Each structure stands twice: as C-alpha cells, then as structure tokens.
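One letter stands for each residue in the lines below.
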Amino acid sequence: MWYSISLHTAFVLRPHTFPELKNDAFVKAARGEETDYVPVWCMRQAGRYLPEFRETRAGQDFFVTCRTPEICCELTLQPLRRFPFDAAIIFSDILVVPQALGMEVTMVPGKGPTFPEPLKEPEDLVKLCQSVDVNAELGYVFSAITLTRHKLEGKVPLIGFSGAPWTLMTYMIEGGGSNTMSKAKRWLYQYPEASHKLLTLLTDVIVDYLVGQVAAGAQALQVFESHAGYLGAMQFNEFALPYIRDISKRVKAKLKASSLPTVPMIVFAKDAHYAIEDLSQSGYEVVGLDWTVSPKVAREKAGNSITLQGNMDPCALYAPKEKIGEIVKKMIDDFGTQHYIANLGHGLYPDMDPDHVGAFVEAVHNHSRHTGKN
Ligand code: 1CP
C-alpha cells in the first residue's frame, strides 16, 4: 500500500515523475559540460524588487508564507514570467532550519529575522531538538518544491538550498542580523567544543534537509555560507570548511544510497577569498563568488575543472542599462563562456529596478552567444 507508508519512504521508493527539462544550460554548466551560452540566474530573484512579489506577500507573515506551498510556488515562478532566467530557486528562507531545531524565529517588518530567545551559553544547546525529523518539520518546503517542479513544466531547473552551519549558528546566537557577529564569534573562542557540537547538530539536519529537497524534486542545491567573511582563514578552516565538506560528501552518499539523482551542488561562501582553493576541492561542482574577487584571480585559485558562479556587484544594477551591458561583457570576457554561470555577487535589493535585472539577463545571453565557446 503506497499511501500508508511515510512520505519519506514514498519519495525513496517511488520517485516523482516530473515534466522533462527543456532548458538544461544551467545544469550542464554546473556539471562542467559545454553550453551554447552562459546560463544566468540571480540570488533573491524571488524578492521584494518585484511589485507582484510585494502584492502576493502583502499583509502575510513571512514564515506563514514559507509554510504555504502554493504561495512559495507562485513567488518562485514570478521572476520567470518576466525574465528568461535559466534556473528557478525555491522561495523559502535559510532560517527554517533553526525553526526545525525548535527555535522561535519571527520576521519583523523593517527589522528582519528575530529570535526572541537566542542561544546565550552552551547550556542552551539542550533546548534544541537533538534529532530532527525533516519530513515532519520541513515537509512544507518539500511540498513547495514538488508543486513548483510540476508547475515549472520543465521550463528551467529548480534549485533547492540551505544555509551552511556557521551562518545559521550566527543567527541562532546573535538573535538576528549583526554587523560584527561578535556574540557568535565569542562562542568560537570561548566555547570551541560547544560550537563544534552546535555545528555538528546543524550539519546533521542540513544533510537530511538537502536530501529531502532532492527527493521532492530539486535539481541542484546551493549552500549559503553568507557570513563566511566574518571569519578569518584560521577560523574558517576550523569552524566552516569541515562542515561544508561534510555536507557535500554525506548528501551525495545518501542520494546514491537512496537511488535518488545526483544533483550538482553549489557552495557560496561570501567574502571567503582565502578559501576559494579549498572550496573548489570540497565536493561541490560549483563555487559561487561575491563581487569583491576578480574573475581571473578566482579562476587561478579554483583551477579549470570547477564551474564558477557570480559575481557582478548587485549595485551595478543601479547603473544605466548600457553600462550594465558593458560590465556584463567584461565579466564574461574575464570568466569565459564555459564552466561558468552568471549571477550577482549577492542578492538583489528591494529598491532595484526590474528592468535593469532584465537588462542584466539579456546582456549575459547576448554577449555569451556572440562570444562563442571560449
Ligand atoms: O518579507 C520579505 O519578503 C522579506 C525578505 C526576504 C526574502 C524575499 C527574506 C528575509 N528572505 C527571503 C527569501 C529568501 N531568503 C530566499 C528566496 C529565494 C530567492 O533567492 O529568490 C533565499 C535563497 C533566502 C536565503 C537567505 N535568507 C540568506 C542567504 C542568502 C543571503 O542573502 O546571503 C540569508 C542570510 C537569509 C536571512 C534573511 N532572510 C530575510 C532577511 C532580510 C535575511 C537577512 C537578515 C540579516 O542578516 O540582516
């Protein structure tokens, strides 16, 4: 009886049948295969810069939205109706993982994510759920992915994502955004053992969460280490890199063991220039770059076999459209058209002009088609 077994078992035993993928440029580039043009998508492409996004979100609590698959699906599809992006990213948030661990997180308009009771001392770790059932706690994300994968009708691939352990740890200790991450960094220096315990717990949940996303239909996975830049090389090597490596290794092993498709994985560690070489050997097919590293330096550090993703300064979208075209041309000339996925170096801001996002996408397609395979 298929319907009496758990959702997870159903995923494993009977994978979904989805519409055939029509535009595989992103997946091919991510796998290091040759493409006819440079695929492009934008971090935060499903976001507040779109009037239709603001309308759909209006008056609705952020995390209620995240828990409503139909709305997540709609928000994910909105940017694709406007622009010929080569990939979609599921609308959700990295902070659903701390929620799954039992923490309360609210999105305060004008302020951002807020944890009323952040972790203060190592004793607080016992309050966290020590073994998370991702199907029970995060099944709503899986449902959103499955629904969106159907509604995409194979137009472009769907990217799933998670925050990386260190970035999630910062929110859980800081209680929200922070300029210094000094509370979270205090843990690294004062309580290294408890820090590793927390990072290990997060890693375990993230691994199951990412595997669940693939079972639900995600065709690529991005791991966001957005707060990597607050760590120096030494701390990154101790508190971030080992967990980032562990995630790719364990996700791939679990996908294989469950006969699920192996999907390309992207690691985006913002401002971690010192780590580009290590990240390119950490089991991910793609290394995402922020705008503060030059394409040539990044390529030298990463080697030729890895695919790079990025890295236009998001604020370049404030420039006139012709200037955006020039910046894109230089970026593609420097990265080359192969083993490369165009993106911004971080997410879009709410005050950005959708027309300029369109100009960015168009410039990437036009210039890379024109330049040919180099
Ligand atoms: O009401 C709203 O719409 C709030 C704005 C918003 C949006 C659109 C938040 C709050 N999250 C999201 C969606 C979101 N978050 C996506 C959706 C898909 C897409 O990219 O189109 C993704 C991938 C994220 C991931 C995320 N959330 C990251 C990693 C990427 C990054 O920006 O570095 C981080 C750090 C968060 C935390 C978060 N969520 C929201 C805000 C404002 C923040 C940052 C808070 C802070 O540190 O100050």
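A quick note: this is a predicted structure, and the numbers were derived from the prediction, not measured. Per chain, residues are indexed from 1 in the order of the written sequence. Side-chain atom pairs in this predicted model are given and counted only at pLDDT of 80 or more, local residue features only at pLDDT of at least 70, and totals for whole chains, interfaces and linings cover all residues. Hydrogens and water molecules were not included; the side-chain quantities draw on all heavy atoms of the structure.

**Overview of the overall build of the protein**
The helix count covers DSSP runs of H or I at least four residues long, the strand count covers runs of E at least two residues long, and both are numbered beginning at the N terminus. Within the protein, the secondary structure is distributed over 16 helices and nine strands. Each radius of gyration reported is based on C-alpha atoms, and the globular scaling rule is 2.2 Å times the count of residues to the power 0.38. The C-alpha atoms of the protein give a radius of gyration of 20 Å, which matches the 21 Å a tight globule of 374 residues would have. Seen through its principal axes, the protein has C-alpha atoms that stretch 60 × 50 × 45 Å. The proportion of buried residues among the 374 residues of the protein is 58%. What makes two residues a contact is simply this: any of their non-hydrogen atoms within 4.5 Å. Considering only contacts in the protein between residues 6 or more positions apart, those separated by 24 or more positions represent 75%. For the protein, the exposed area adds up to about 15,600 Å²; of that, 52% sits on carbon and sulfur atoms. All tallies of charge rest on Lys and Arg as positive and Asp and Glu as negative; His and the ends of each chain are not included. One atom stands in for each charge, and that atom is NZ of Lys, CZ of Arg, CG of Asp or CD of Glu. Positive and negative side-chain charges of the protein, numbering 37 and 42 respectively, have mean locations separated by a distance of 2 Å. Burial classification: accessible surface area is computed with a 1.4 Å probe over protein chains only, and a residue below 20% of its type maximum counts as buried, one above 50% as exposed, and the rest as partly exposed. Note on areas: Shrake-Rupley, 1.4 Å probe, and residue coverage restricted to the protein chains presented here.

**So, the confidence of the model for the protein**
Per residue, pLDDT measures the predictor's confidence, with a range of 0 to 100. Chain-level statistics for the protein give a pLDDT mean of 95 and a share of 95% at 70 or above. Within the model, the stretch residues 1-13 combines pLDDT values under 50 with 14 contacts to residues more than four positions away or in other chains.

**Re the site of the ligand**
Near the ligand, the surroundings consist of 21 residues, among which Arg-57, Asp-93, Tyr-171, Ser-226 and His-346 are the closest. Interatomic distance of 2.8 Å between a backbone N/O atom of Arg-44 and an oxygen atom of the ligand. Contacts described as polar in this section are N or O atom pairs within 3.5 Å, which, within protein, must combine one atom able to donate a hydrogen with one able to accept it, while residues neighboring in sequence count only if both atoms come from side chains. Within the backbone of Gln-45, one N or O atom sits 3.2 Å away from an oxygen atom of the ligand. Burial of the ligand by the protein amounts to 86% of the accessible area it has alone, namely 890 Å². Each residue receives one of three labels: charged for Asp, Glu, Lys and Arg, nonpolar for Ala, Val, Leu, Ile, Met, Phe, Trp, Tyr, Cys and Pro, and polar for the others, Gly being one of them. Among the residues making up the shell around the ligand, the classes are represented as 12 nonpolar, five polar and four charged. The nearness test applies per residue and asks whether one of its heavy atoms lies within 4 Å of the molecule or strand.

**Some points on the packing of aromatic side chains**
Pairs were defined over the aromatic rings of Phe, Tyr and Trp, the Trp ring being its six-membered one, requiring ring centres within 6.5 Å. Orientation was assigned from the angle between planes: stacked under 30 degrees, edge-to-face over 60, tilted for the rest. A complete count under the given rule lists 10 aromatic pairs for this structure. Each ring, one from Phe-62 and one from Phe-91, has its centre 5.8 Å from the other, and the planes form 65 degrees; the classification is edge-to-face. Placement of Phe-62 in helix H4 (residues 62-66) and of Phe-91 in the loop between strand S1 (88-89) and helix H6 (96-100) is noted, with a sequence separation of 29 residues between them. Taking the relative accessible area as the measure of exposure, Phe-91 reaches 6% and is therefore buried. Arranged with centres 5.6 Å apart and planes meeting at 75 degrees, the rings of Phe-83 and Phe-85 form a pair that is edge-to-face. Under the relative-accessibility criterion, Phe-83 is labelled buried at 7%. Note on Phe-85: relative accessible area 2%, which makes it buried. For a Lys NZ or an Arg CZ to count as sitting over a ring, it must be within 6 Å of the ring centre and within 35 degrees of the ring normal. Positioned above the aromatic ring of Tyr-37, the side-chain terminus of Arg-369 is 4.3 Å from the ring centre.

**Looking at the pattern of salt bridges**
Whenever a carboxyl oxygen of Asp or Glu lies within 4 Å of a side-chain nitrogen of Lys or Arg, that contact is scored as a salt bridge. What the rule picks out here adds up to 12 salt bridges. Via salt bridges that share partners, Asp-204, Asp-246 and Arg-250 belong to a single interconnected network.

**A few points about the sheet that holds strand S4 (residues 158-163)**
Being paired, for any two strands, means DSSP has found at least two bridges between them. Spatial strand order, S1-S4-S5-S6-S7-S8-S9: seven strands in an open sheet with parallel pairing. At either margin of the open sheet sits one strand with a lone partner, and together these are S1 and strand S9 (340-344). Pairing between strand S6 (residues 265-269) and strand S7 (residues 286-288): three bridges, direction parallel. Residue Ile-266 lies in a different strand from S7, and its bridge partner there is Val-286. To obtain each axis, a line is fitted to C-alpha atoms, and for helices this fit is confined to the stretch in contact; angles are then taken between N-to-C directions over 0 to 180 degrees. Its contacts with the sheet put helix H12 (residues 241-257) on strand S5 (220-225) and S6, and the angle it makes with S6 is roughly 170 degrees.

**Section: the pairing of S9**
Of all five residues making up S9, five are buried, and the element is well covered by its neighbours. Covered by surrounding structure in S9 are Tyr-340, Ala-342 and Leu-344 together with Ile-341 and Asn-343, the residues of both alternating faces. As paired elements, strand S8 (residues 307-312) and S9 share five bridges and run parallel to each other. Bridge pairing in S9 places Met-312 opposite Leu-344. Seen with its strands pointing away from the viewer, a crossover is right-handed if its path from the first strand over the helix to the second goes clockwise. Since S8 and S9 lie parallel, the crossover through helix H15 (residues 321-335) that links them has a hand, and here it is right-handed.

**Examining the nonpolar core**
We call a set of buried residues a nonpolar core when its members are Ala, Val, Leu, Ile, Met, Phe, Trp, Tyr or Cys and they connect through side-chain atoms within 4.5 Å of each other. In this structure, Leu-198, Phe-236 and Phe-360 are the most contacted members of the largest nonpolar core, which totals 134 residues. Looking at this core element by element, the count peaks at 14 residues for helix H10 (residues 192-216). Not counting chain neighbours up to four residues away, the residues in contact with Phe-360 comprise Val-40, Cys-42, Met-312, Leu-317, Ile-324, Val-328, Met-331, Asn-343 and Leu-344.

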